[in-house]
Amino acid sequence: MITRLRAENFKSWKDTGDLRLGRLTGLFGTNSSGKTSILQLLPLLKQTAQSPDRNRVLDTGNQESAIYLGTFLDIIHGHDKDAALELSVGWTLPRNKSAEPSPAYDQLFGAQEVSFRTSIVWETERPTVGLFEYDFERQRVGMHRIAGPEERYELVHGGDRLEKIVLRGHKYLRSPIKCYGFPSNALGYFKNSSFLPSLQLAFEDVFAKVHYVGPIRPYPFRVYEWGGEKPEDAGWDGEQAIAALLASKKVRRVAEWLKDMGLIYSFRVQPVGESRTIYQCHVKITPSATEVLLPDVGFGVSQILPVLVNCAMLPDGSTLLLEQPEIHLHPFAQAALADVLIDAITNRNIQIIVESHSEHLLRRIQRRIARGVLEAEDTALYFCHLKNGTSAIEKLDVDSYGNIRNWPEDFFGDEMGELADMTLAAMERQKAEHK
């Protein structure tokens with residue numbers, strides 16, 4: 001599970017501060033307040049980890065990517081060439097059934113958590129790694145760039161267990177792999193450094209488990225093709241939702257959630273005729289309604305489907321990022337969506353980070369905390385806003401009864417002000433009409 005996140009000089013953020021992430025993390029706030037930028041940090045690092053280009057420091061994406069952020073100068077705060085982009089993230093290592101660290105990480109001295117930070121600067125007309133470091137079990141190791149015209153790095157380390165790292169070759173190392181990996185000559189130049197690839201593996205492993213659903217999802221089709229492939233998720237735009245649903249055999253669970261949310265009465269996916277590659281989604285709105293195809297019902301069903309599919313089929317230990325999942329849902333369904341998310345983190349051990357404008361979703365989370373269904377400690381709720389043109393963030397102080405003790409002013413608009421003004425206006429009109 002990803003436990004913390006921080007970014008400095010990223011888009012509208014001068015500094016997000018050190019953000020604690022819970023099993024269920026909520027990012028709320030006004031439009032253009034920076035909450036989406038926080039959500040984009042993890043797909044940015046995932047794209048970088050999965051990029052085939054080992055020399056590309058950060059993969060900011062393209063038109064086909066989950067996120068497309070443009071160039072490095074597009075994402076640096078204030079487009080300031082002299083500013084350094086600082087990113088840091090912490091996570092827990094996977095554990096096997098005996099509650100011990102996975103064998104793949106045995107060389108990390110039994111560490112339960114790892115943290116990573118990197119500093120990326122603009123030099124010689126391109127982004128360059130200034131440093132990166134890993135911290136684990138009170139040990140620290142990484143690479144720092146040496147000032148000068150040449151791109152040279154040195155290995156830095158600290159901690160009692162790393163004292164045995166001894167220089168046995170050239171002092172200077174080649175450039176890092178992307179923004180997080182040690183070059184191959186590090187193993188040759190330093191004795192007792194065989195654990196270094198495990199850190200790179202740990203980084204790539206945690207981001208391989210990050211899955212993202214964007215705010216714009218495709219219009220439903222009348223037929224879907226599925227040839228037996230097994231997508232890892234529903235796709236960042238939801239295009240693989242039906243294939244993933246069929247492969248995971250989670251149709252019944254998703255149908256139950258759709259019914260609980262008040263969106264449909266029944267939902268099933270069935271092959272067309274004798275074909276085993278062409279499928280249709282059949283939906284009934286009420287028990288007495290005629291069964292129709294997915295495009296023939298409200299748009300909200302198809303829009304929420306990728307979210308539900310991911311909640312039902314992602315493997316244990318996954319991190320699911322949701323950008324405005326409540327789009328096209330009525331208030332009751334928005335509130336019920338919170339119960340789906342709570343079900344997924346409780347019964348399927350999935351971490352969820354959601355960016356939302358929905359008051360109904362937040363209120364249901366508060367209600368479930370008050371009922372004891374969800375522990376306040378398992379949540380991390382934030383409010384984002386602009387302050388002097390720069391994004392700022394405030395952690396919502398939620399007690400064990402679901403109360404928010406530092407509710408920001410006009411968080412979801414001025415509800416009481418609207419009701420008071422409506423009442424006053426009605427009284428004034430009634431007086432005028434009576435006269």
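Reference entry: report on the structure contained in this document. (Residues numbered from 1 in each chain as written. Predicted model: local features only at pLDDT ≥ 70, side-chain atom pairs only at ≥ 80, totals over all residues. Heavy atoms only, no water.)

Points about unusual backbone geometry
In terms of backbone geometry, most residues other than glycine have negative phi values and most peptide bonds are trans.
Okay, so step 1: For Ser-32, which is not glycine, the phi dihedral falls at a positive 60°.
Okay, so step 2: As for its placement among the helices and strands, Ser-32 is situated in the loop between strand 4 (24–29) and helix 1 (35–50).
Okay, so step 3: In this structure Ser-32 comes out as exposed when scored by relative accessible area, which is 64%.
Okay, so step 4: Phi at Glu-137 is positive, roughly 50°, even though this residue is not glycine.
Okay, so step 5: Along the chain, Glu-137 falls in the loop between strand 7 (126–136) and strand 8 (139–146).
Okay, so step 6: Glu-137 gets classed as partly exposed once you look at its relative accessible area, which sits at 26%. (Helix = DSSP H or I, 4+ residues; strand = E, 2+ residues; numbered from the N terminus. Buried < 20%, exposed > 50% of the residue type's maximum accessible area, 1.4 Å probe, protein only.)

Comments concerning the packing of aromatic side chains
Okay, so step 1: Under the defined criterion, the tally for this structure stands at 14 aromatic pairs.
Okay, so step 2: Ring centres of Phe-116 and Phe-203 lie 5.0 Å apart, and the angle between their planes is 65°; on these two criteria the pair is classed as edge-to-face. In this pair, Phe-116 is assigned in strand 6 (residues 113–123) and Phe-203 in helix 4 (residues 196–208), connecting sequence segments 87 residues apart. Neither residue differs from the other here; Phe-116 and Phe-203 are each classed as buried.
Okay, so step 3: Ring geometry for Tyr-180 and Phe-203: centres 4.2 Å apart, planes at 15°, overall stacked. In this pair, Tyr-180 is assigned in the loop between strand 10 (166–167) and helix 3 (185–189) and Phe-203 in helix 4, connecting sequence segments 23 residues apart.
Okay, so step 4: Through a chain of ring-to-ring contacts, three or more aromatic side chains come together here, namely Trp-91, Phe-116, Phe-132, Tyr-134, Tyr-180, Phe-182, Phe-203 and Phe-207.
Okay, so step 5: Here Arg-152 stacks its cationic end above the ring of Tyr-172, 4.2 Å away from the centre of that ring. (Phe/Tyr/Trp six-rings, centres within 6.5 Å; stacked < 30°, edge-to-face > 60°. Lys NZ or Arg CZ within 6 Å of the ring centre and 35° of its normal.)

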